[in-house]
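Analysis of the macromolecular model
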Number of protein chains: 4
Amino acid sequence: MMRKLDPVKHEEKRQQILQAASRCFMRDGFRGASTSNICAEAKISPGHLYHYFSSKEAIVRAMAESRLAQAAEHLGTTARGPDVVTAFLEVIESGVGVREPSANALMLDLLAESARNPAVGGILRENHREMRTLLADLLRTGQERGQIDLTLDPDVATSILVSFVDGAKAMMIRDPDLNPAKSIEMLKTAISRFLRAPAVANSE
Amino acid sequence: MMRKLDPVKHEEKRQQILQAASRCFMRDGFRGASTSNICAEAKISPGHLYHYFSSKEAIVRAMAESRLAQAAEHLGTTARGPDVVTAFLEVIESGVGVREPSANALMLDLLAESARNPAVGGILRENHREMRTLLADLLRTGQERGQIDLTLDPDVATSILVSFVDGAKAMMIRDPDLNPAKSIEMLKTAISRFLRAPAVANSE
Amino acid sequence: MMRKLDPVKHEEKRQQILQAASRCFMRDGFRGASTSNICAEAKISPGHLYHYFSSKEAIVRAMAESRLAQAAEHLGTTARGPDVVTAFLEVIESGVGVREPSANALMLDLLAESARNPAVGGILRENHREMRTLLADLLRTGQERGQIDLTLDPDVATSILVSFVDGAKAMMIRDPDLNPAKSIEMLKTAISRFLRAPAVANSE
Amino acid sequence: MMRKLDPVKHEEKRQQILQAASRCFMRDGFRGASTSNICAEAKISPGHLYHYFSSKEAIVRAMAESRLAQAAEHLGTTARGPDVVTAFLEVIESGVGVREPSANALMLDLLAESARNPAVGGILRENHREMRTLLADLLRTGQERGQIDLTLDPDVATSILVSFVDGAKAMMIRDPDLNPAKSIEMLKTAISRFLRAPAVANSE
DNA sequence: CATGAATGAGCTTTCATTCAT
DNA sequence: CATGAATGAAAGCTCATTCAT
């Protein structure tokens with residue numbers, strides 16, 4: 001009795017539940033997935049869920065946090081290398097879940113939810129700010145090295161780059177029969193042309 | 001004589017309900033909005049809704065159809081003018097609902113729904129196919145006139161351009177405090193550089 | 001304007017609607033069939049139904065009345081001939097809707113409804129009384145002619161005979177793969193033995 | 001230790017609910033009784049019903065199953081004794097719910113439902129098959145002992161006997177003021193004459 | 001820690017009925 | 001006569017959440 005047992009195990013279970021929830025959310029969306037679904041998937045009883053999360057919304061929040069943190073971390077480890085443009089291209093390529101339509105759908109769900117659910121919105125924005133800081137620094141480095149157009153405002157350009165990833169996710173849903181290799185290739189072309197210092201005699 | 005009372009009025013009411021539904025969906029999403037909400041918004045009784053739509057899903061479908069048709073039509077009327085690149089820029093600019101976060105959220109909801117709801121998915125894809133045909137033709141015209149890079153595959157480039165619009169909608173949600181003018185400007189730069197024939201001596 | 005037009009046509013339409021209702025009730029039962037179903041089947045508008053019947057219950061009542069009257073009339077015309085037992089056998093044979101499972105189901109529905117719905121119950125009982133009077137008279141005739149066992153109380157025996165018809169209807173539902181010819185034959189045997197004067201030296 | 005809390009209690013509650021449902025169905029019929037009625041009668045909340053039954057239809061099915069099994073079991077224990085005809089008479093007498101009009105109505109409802117609802121129909125037929133097997137065996141025994149007419153096909157005669165019970169239930173509804181003792185007595189006469197070996201010099 | 005019984009509000013949908021035209 | 005728009009109660013069912021054990 002009365003054992004304050006193992007906060008480690010507690011956290012482990014929490015993560016397991018979160019992963020189960022993630023699978024449910026991917027399959028059915030935030031609203032479509034029920035706590036029953038999640039409990040079944042996590043193999044726990046309906047009541048027990050509330051030992052780990054105070055409400056369904058708390059799960060959604062935690063999910064958003066973890067997904068976004070993960071995305072940011074992924075980005076942080078990818079965005080490396082001597083050539084900054086190449087680094088960006090890699091970021092974009094790996095950011096688009098080429099053959100994970102449900103993961104893409106979940107991100108769109110999350111964005112839609114953000115526009116309506118202040119808590120989730122806050123998480124998203126905070127995370128976005130971090131990502132942008134990270135990317136903007138990388139951009140500036142590229143500009144210093146002459147690899148990237150000096151006229152681009154790093155902060156704004158960064159938003160655009162992130163939007164390209166979101167847009168590519170949407171693209172995969174809009175046309176699932178699309179040849180993803182070709183599309184990604186062309187997206188990389190677009191980004192290349194966007195970031196690189198324009199040629200001398202270009203008439204824009 | 002003069003019996004068959006007014007299929008016109010019927011259609012009018014249907015549209016009114018659809019608009020009410022649209023407002024609800026923008027506010028709460030497809031799943032979050034209830035038929036009760038919609039009826040209240042449309043000021044009709046709960047039973048009467050089913051005089052006009054056979055199910056909530058039918059409303060969602062009709063909504064998706066009308067929204068997407070509207071978007072396509074808007075695009076059709078916007079994509080005109082002597083300079084094709086300029087036409088595209090206008091398309092993009094007007095395509096992004098700069099200060100309509102709920103409309104943007106609805107589109108993302110629709111995309112997420114498309115990935116899970118086959119009926120909605122079918123509508124989205126059919127519509128997307130039409131839009132791409134239209135845009136691809138415009139692109140080819142531009143290529144004939146030498147305004148657009150001949151090396152771009154029109155079909156793939158079109159998908160990319162559409163993805164930019166979707167991405168921009170996401171951007172507005174990710175960072176509502178963004179200066180939209182600046183972002184749009186930079187997006188236009190990106191598109192310009194993407195589409196225009198690259199300068200002679202450019203080293204990519 | 002202001003024409004008190006044709007009570008004949010009115011009655012005709014009423015009968016048409018009643019027949020349509022009959023079809024619906026056979027298909028779906030009294031509770032399962034909706035006024036919409038009936039209107040669709042009768043090809044009239046939902047509101048117009050109430051020109052002919054004041055409520056769904058009124059339709060059910062009229063239906064019960066017409067069905068039962070029909071059954072009684074049918075019985076009246078069948079129960080004829082020199083040999084009374086033969087006449088009864090014919091009554092029974094034609095009373096069982098051998099290959100009309102939905103008509104049989106409807107009769108059982110009507111009986112169940114009778115036990116709960118006083119109005120329908122009253123109709124059923126009134127009708128049953130009439131039928132029994134008719135059959136009891138026939139029975140008495142048979143007894144006078146020495147064709148039927150004199151020890152049978154005509155009133156009670158009549159109830160039993162009617163119950164045999166109801167039971168046969170249930171039998172058709174209980175076992176649809178039954179050979180109806182054989183069953184009917186055996187039922188007739190049972191009735192014969194029941195009605196006929198028992199042989200002299202029989203040891204019961 | 002001692003976890004897995006009581007599948008016994010679960011089953012108990014299930015039976016309680018089933019009995020409550022039974023009362024409702026008797027009062028209002030399968031279609032007339034609502035899940036709300038049943039919940040109120042069982043003193044549980046509307047949602048909780050679905051902890052024990054997956055749908056209203058599942059309740060109807062379980063009810064049909066239990067009622068019919070009960071009837072069959074009852075029959076099995078009644079159909080005993082040295083004289084087979086007497087055994088049959090007892091079966092019939094106890095099979096007719098003389099003073100339980102609502103139970104009789106429920107059986108007719110069940111038969112009507114069987115003709116339309118395939119699930120219920122299947123249950124009824126399976127049960128009927130079992131009952132007939134049992135009764136047919138008894139009949140054959142009687143034939144071996146010379147108590148029952150050898151010319152009767154046991155399978156067909158069995159169907160007839162069951163139909164007599166169903167018919168008697170209908171009789172109770174058709175004429176509630178009937179003297180049940182007299183009717184049952186006459187029904188028993190009919191069955192006696194039907195089953196017994198006919199006397200030598202009988203002229204059929 | 002963990003279960004699953006229990007709740008009650010709310011969901012989508014159907015239905016008998018009324019009424020303006 | 002006839003239509004079909006309109007109503008509102010009620011149906012079957014789901015869901016997030018709580019609580020006794």
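Residues numbered from 1 in each chain as written. Chains lettered and ligands numbered in written order. Predicted model: local features only at pLDDT ≥ 70, side-chain atom pairs only at ≥ 80, totals over all residues. Heavy atoms only, no water.

1. Structural notes on the relation of the copies chain C and chain D
Our working definition: Copies overlap after least-squares fitting; the atoms used are the C-alpha atoms of residues with pLDDT of at least 70 in both. It only takes one pair of heavy atoms within 4.5 Å for two residues to be counted as in contact.
Taken as rigid bodies, chain C and chain D are interconverted by a rotation of 179 degrees and an axial shift of 0.0 Å, the fit giving an RMSD of 0.2 Å. The superposition operator between the copies reduces to a two-fold rotation axis. Rotation axis and chain C: the residue whose C-alpha lies nearest the axis is Gly167(C), separated from it by 1.9 Å. Most of the interface of chain C is mirrored in chain D, where 100% of its interface residues again form contacts.

2. Things to note about the packing of aromatic side chains
Defined as follows: Each aromatic pair joins two rings of Phe, Tyr and Trp (for Trp, the six-membered one) with centres within 6.5 Å, and gets the label stacked for planes under 30 degrees apart, edge-to-face for over 60, and tilted for any other angle.
Tallying each qualifying case throughout the model produces 10 aromatic pairs over all chains. Through a chain of ring-to-ring contacts, the aromatic side chains of Phe164(A), Phe194(A), Phe164(B) and Phe194(B) assemble into a single cluster.

3. Quick look at the protein's contact with DNA strand E
What counts is decided by this rule: Consider each residue's heavy atoms; a residue with any of them within 4 Å of a molecule or strand counts as near. We define a polar contact as two N or O atoms separated by no more than 3.5 Å, with the added condition that, inside protein, one atom must be a possible hydrogen donor and the other a possible acceptor, whereas residues neighbouring each other in sequence contribute only through side-chain atom pairs. For the purposes of this entry, the term helix denotes a DSSP run of H or I that reaches at least four residues, the term strand denotes a run of E that reaches at least two, and both are numbered from the N terminus.
Surrounding DNA strand E, one finds 33 residues, the nearest of these being Thr35(B), Thr35(C), His48(D), His51(D) and Tyr52(D). When atoms of DNA strand E within 4 Å of the protein are split into backbone and base, the sugar-phosphate part holds 63%. Between DNA strand E and Thr35(C), the relevant distance is 2.6 Å, taken from a phosphate oxygen to a main-chain nitrogen or oxygen of the residue. Here Tyr52(D) contributes a side-chain N or O atom positioned 2.6 Å from a phosphate oxygen of DNA strand E. Within the residue set of the surface near DNA strand E, elements represented by two or more residues are α3 (49-52) of chain A, α2 (35-42) of chain B together with α1 (7-32) and α3 (49-52) of chain D.

4. With respect to the interface of chain A and chain B
What counts here: The buried area of a pairing is the accessible area, by a 1.4 Å probe, that goes missing from both parts when the two are put together, added over both. Salt bridge, as used here, is a side-chain nitrogen of Lys or Arg placed within 4 Å of a carboxyl oxygen of Asp or Glu.
With 55 residues of chain A in contact, the opposing surface of chain B contributes 56 residues. Roughly 4,800 Å² of surface becomes buried between chain A and chain B when both sides are summed, with 63% attributable to carbon and sulfur atoms. Residue Asp109(A) is joined to Arg116(B) by a salt bridge in which the shortest nitrogen-to-oxygen separation is 3.4 Å. In this structure, the connection of chain A to chain B is made through 12 residue pairs in polar contact (both at pLDDT 80 or more). Elements represented by at least two residues in the side of chain A that touches chain B include exactly α1 (7-32), α6 (101-116), α7 (118-144), α8 (154-174) and α9 (180-195) of chain A.

5. Here we look at the domain arrangement of chain A
Accessible area lost upon the coming together of the parts serves often as the stated size of an interface. Residue and element names in this part refer to chain A. For the record, the criterion: Domain start and end points were adopted from an automatic or database domain assignment.
Annotation of chain A at the domain level lists domain 1 (1-54) and domain 2 (56-203). Taking only C-alpha atoms into account, the centre of domain 1 sits 30 Å from that of domain 2. At the junction of the two partners, domain 1 supplies 15 residues and domain 2 supplies 13 residues. Between domain 1 and domain 2, roughly 1,400 Å² of surface is buried when both sides are summed, and carbon and sulfur atoms account for 71% of that area. Ranking the residues of domain 1 by area buried against domain 2 places Phe-25, Met-26 and Phe-30 at the top, with a combined share of 47%. The interface formed by domain 1 and domain 2 holds one salt bridge in total. A salt bridge links Arg-31 to Glu-113; the nearest nitrogen and oxygen atoms lie 3.0 Å apart.

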